[in-house]
Amino acid sequence: MNALLTVMLKELKDLLRDRRTVMISLLMGPLLVPALMMGIGSLAHKRITTQLEKPLELPVVGAEHAPNLIDWLRGQNVRIVDPPAEPERAILDQKHDLILRVAEDFGEHWRRGLPATLEILHDSSRQDTQIPMQRLQRILDQYRQTVGSLRLLARGINPAVAQPVLVAPRDLSTPESRSGQVVGGMMSYLLILFAFLGGAYLVIDTTAGERERQSLEPLLATPAPRGAIMSGKIAAACVFGVAGLLLMLVAFKLSAEFGPKLPIRLDVSALGIAKLLLVLLPMVLLGTTLLTLIAASVKSVKEAQSYMSVLMLLPVIPTVVLLINPVKSQLWMFAVPFLAQNQMILRIARGEDIAAQEWGVYLAAGFGAGALLWLIAARLYHREKLAISG
């Protein structure tokens, strides 16, 4: 144990001498991630608010066929403009978000009491058209229901007859769950990535870097057990990773409490931050031990760094899978690395309770996988060729 602590303190002391690296690792990440999340949230909120409040600019093809509809639209904060010569091309060229086309037989069908055709031209692949499209559809639905009710009243029929069933959706979601759905995916990816690779620099430098500098061989020649030397290096990287993670969570809490007020409510209480830290601790251990295995198996620092691009993709996998194919949480998911962290962070972001059984499975699987990789790394440190560079 004394050898482990000595190696850990030695590695941390060497790291603190490189002040530029420490500043970048411990300050840039914790500051940039909360700023990025709050900045994106602020921009998204501003865009949505602007699109909802400003007049909806709507080119209308064939406006002369439906004068009553045009008057209705103007009364609903819609600004009617002249249509382009080629409506389809204007949509594809992103010159307009929406274009309403009134059929030439609209007036005839209207007078005969038949359904009249309205066509909305839009590009569903553009996210910035979703809110204008929803606004226009809601306005047209109100117009359709109003006209339909008036027609029934003109014939002496109660409009309620046309609504045999009244559907009343009751949304049981909380503000925390709705905001967690918006930012939970991004937050989980950034937190998992930072926890997983937070100690990457120290791990690579103390293993592959020392091999290149030929300073690992004298260290392994000391009477200290090689397993203790390896454990000290892993412990130092874990301490460094947890320190950066703590700074990030504190910065996230401060930015949420004192930053610009957004309609995003997340649990940033001391208990919520403590839960996030507990969720990410197994990921710090897992990432540090896995990087130790990789760094001890390669021949140079460049080769070790080349694996970083692959490792950065691992936290993306569950986020993309859940985005494409959302699934209900099951107990076995809390034993799968990355997927478990994603599920836990989303639960915390949504303000949902996590059962004791789920906590038990998650912590046992997470720390168990980290301990297994730790033992494999300890065996790897007993290889004689470990100290040989190149």
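Once a new chain begins, its residue numbering starts again from 1 and follows that chain's sequence as written. The predicted nature of this model means local features are confined to residues of pLDDT at least 70 and side-chain atom pairs, given and counted, to a pLDDT of 80 or more, with totals for whole chains, interfaces and linings taken over all residues. By convention in this description, side-chain values take in all heavy atoms of the structure and omit both hydrogens and water.

Asks: Where do I start with the overall build of the protein chain in this structure?
Replies: Secondary structure counts use DSSP, requiring at least four H or I residues in a row for a helix and at least two E residues in a row for a strand, with both numbered from the N terminus. The helix and strand inventory of the protein chain stands at 16 helices and 4 strands. When accessible area is computed with a 1.4 Å probe and restricted to protein chains, residues below 20% of their type maximum are described as buried, those above 50% as exposed, and intermediate ones as partly exposed. Here the protein chain holds 390 residues, and 42% of them are scored as buried. Note on contacts: a residue pair is in contact if any heavy atoms of the two residues lie within 4.5 Å. Residue pairs at least 24 apart in sequence account for 74% of intrachain contacts in the protein chain once pairs closer than 6 positions are excluded.

Asks: Before we go on, may I ask you to explain the environment of S329 in this structure?
Replies: With respect to the helices and strands, the residue S329 is situated in the loop between α14 (316–324) and α15 (339–349). Of the residues examined, S329 reaches a relative accessible area of 32% and is grouped as partly exposed. Along the backbone, S329 and R347 are 18 residues apart, and their C-alpha atoms lie at a distance of 9.8 Å. When sequence neighbours within four positions are dropped, the list of residues in contact with S329 reads F334, Q343 and R347.

Asks: Any chance you could explain the side chain of Q341 here in plain terms?
Replies: Inspection of the secondary structure assignment puts Q341 in helix α15. Within the local environment of Q341, its side chain forms a polar contact with the side chain of Y362, the two groups lying 3.0 Å apart. Those residues within four positions of Q341 in sequence are excluded, and the remaining contacts are I192, V279, M283, V336 and Y362. As used in this structure description, the phrase polar contact means that two N or O atoms lie within 3.5 Å; if the pair is within protein, one of them must be able to donate a hydrogen and the other to accept it, and residues adjacent in sequence are counted only when both atoms belong to side chains.

Asks: Would you mind going over the sheet that holds strand β1 (residues 56–61) with me for this structure?
Replies: Across a sheet, paired strands are connected by hydrogen bonds in the backbone, their directions being either parallel or antiparallel. Strand pairing is assigned whenever DSSP detects at least two bridges linking the two strands. Strand order in the open sheet formed by 4 strands is β2-β1-β3-β4, and the pairing between neighbours is mixed. Looking along the sheet, the strands with just one partner apiece sit at the ends: β2 (78–81) and β4 (118–121). Neighbour-to-neighbour, the strand axes of the sheet open up by a mean angle of 30°, direction not taken into account. Of the pairings in the sheet, the one linking β1 to strand β3 (residues 99–102) comprises 2 bridges and is parallel in character. From the neighbouring strand, V61 faces β3, where its bridge partner is R101. The sheet strands contacting helix α3 (residues 67–74) are β1, β2, β3 and β4, and the helix crosses β2 at an angle near 135°. A fitted line through C-alpha atoms represents every axis, and for helices the fit uses only the stretch in contact; the resulting angles, taken between N-to-C directions, go from 0 to 180 degrees. Sheet strands touched by helix α6 (residues 130–154): β1, β2, β3 and β4. Its angle to β4, the strand with the most contacts, is close to 170°.

Asks: For this particular structure, what's the right way to read the pattern of salt bridges?
Replies: Between side chains of opposite charge, a pair can form as their charged atoms come close. Any Lys or Arg side-chain nitrogen located within 4 Å of an Asp or Glu carboxyl oxygen qualifies as a salt bridge. The final tally for this structure, using the stated rule, is 9 salt bridges. The partner of R79 in a salt bridge is E57, and the shortest N-O contact between them spans 2.3 Å. Here the residue R79 occupies a position in strand β2, and E57 occupies one in strand β1, the gap between them amounting to 22 residues. Given the relative accessible area of 39%, E57 is considered partly exposed. One salt bridge connects E119 with R101, and the closest N-O pair in it is separated by 3.3 Å. Highlighted residues: E119 in strand β4 and R101 in strand β3, separated in sequence by 18 residues. For E119, a relative accessible area of 36% corresponds to the partly exposed category. One network of salt bridges, with partners in common, ties together E88, R101 and E119.

Asks: Looking at this structure, I do not really get the packing of aromatic side chains. What am I missing?
Replies: To describe a pair of aromatic rings, you give the distance between the ring centres and the angle between the ring planes. The aromatic pairing rule takes the rings of Phe, Tyr and Trp, using the six-membered ring of Trp, and pairs them if the centres are within 6.5 Å, calling planes under 30 degrees apart stacked, those over 60 edge-to-face and the rest tilted. Inspection of every chain in the model, using the stated rule, returns 4 aromatic pairs. Plain terms: the ring middles of W72 and Y143 are 5.5 Å apart, the flat faces sit at 55° to each other, and that makes the pair tilted. Of the two residues, W72 sits in helix α3 while Y143 sits in helix α6, which places them 71 residues apart along the sequence. Take W72: its relative accessible area is 24%, and that puts it in the partly exposed class.

Asks: Just to check I follow, could you spell out α6 for this structure?
Replies: What sets the pattern is the α-helix's 3.6 residues per turn: residues three or four places apart point alike. In a helix, the anticipated span is given by 1.5 Å times the number of residues less one. An ideal rise of 1.5 Å per residue puts 36 Å on 25 residues; α6 measures up with 36 Å between its terminal C-alpha atoms. Here α6 has its buried residues at I131, P132, M133, R135, L136, I139, L140, Y143 and V147.

Asks: Is there a simple way to explain the packing of α15 against helix α16 (residues 356–380) in this structure?
Replies: Two numbers describe a pair of packed helices, the interaxial angle and the distance between the axes. At a closest axis distance of 11 Å, the pairing of α15 and α16 adopts a crossing angle of 145°. The two elements α15 and α16 meet at a crossing, and its hand is left-handed. Residues A340, Q341, M344 and R347 of α15 touch α16, and the partners they reach there are E358, W359 and Y362. In this classification, Asp, Glu, Lys and Arg are treated as charged, Ala, Val, Leu, Ile, Met, Phe, Trp, Tyr, Cys and Pro as nonpolar, and every other residue, Gly included, as polar. Partitioning the contact of α15 with α16 into residue classes produces 4 nonpolar, 1 polar and 2 charged. Two helices that cross are described as forming a left-handed crossing if the nearer one is turned anticlockwise from the farther one by less than a right angle, and a right-handed crossing if clockwise.

Asks: Can you help me understand the nonpolar core in this one?
Replies: Among soluble globular proteins, nonpolar side chains are generally buried collectively. Core analysis: the biggest nonpolar cluster contains 62 residues, and L191, L197, L245 and I345 have the highest contact counts within it. Element by element, the count of residues in this core is highest for helix α11 (residues 270–297), at 14 residues. In contact with L245, other than residues within four places in its own chain, are F194, A195, L277, L280 and V284. By size, the runner-up hydrophobic cluster in this structure holds 19 residues, among which are L56, V60, L73 and L98. Put simply, buried Ala, Val, Leu, Ile, Met, Phe, Trp, Tyr and Cys residues joined by side-chain atoms within 4.5 Å make one nonpolar core.

Asks: Could you clarify how one ought to interpret the environment of A195 in this entry?
Replies: Along the chain, the position of A195 falls in helix α7 (residues 175–197). In this structure the C-alpha to C-alpha distance between A195 and G244, which are 49 residues apart in sequence, comes to 8.4 Å. When residues no more than four places from it in sequence are discounted, the contact partners of A195 are L245, L280, M283 and V284.

Read these as geometric descriptors, not functional statements.
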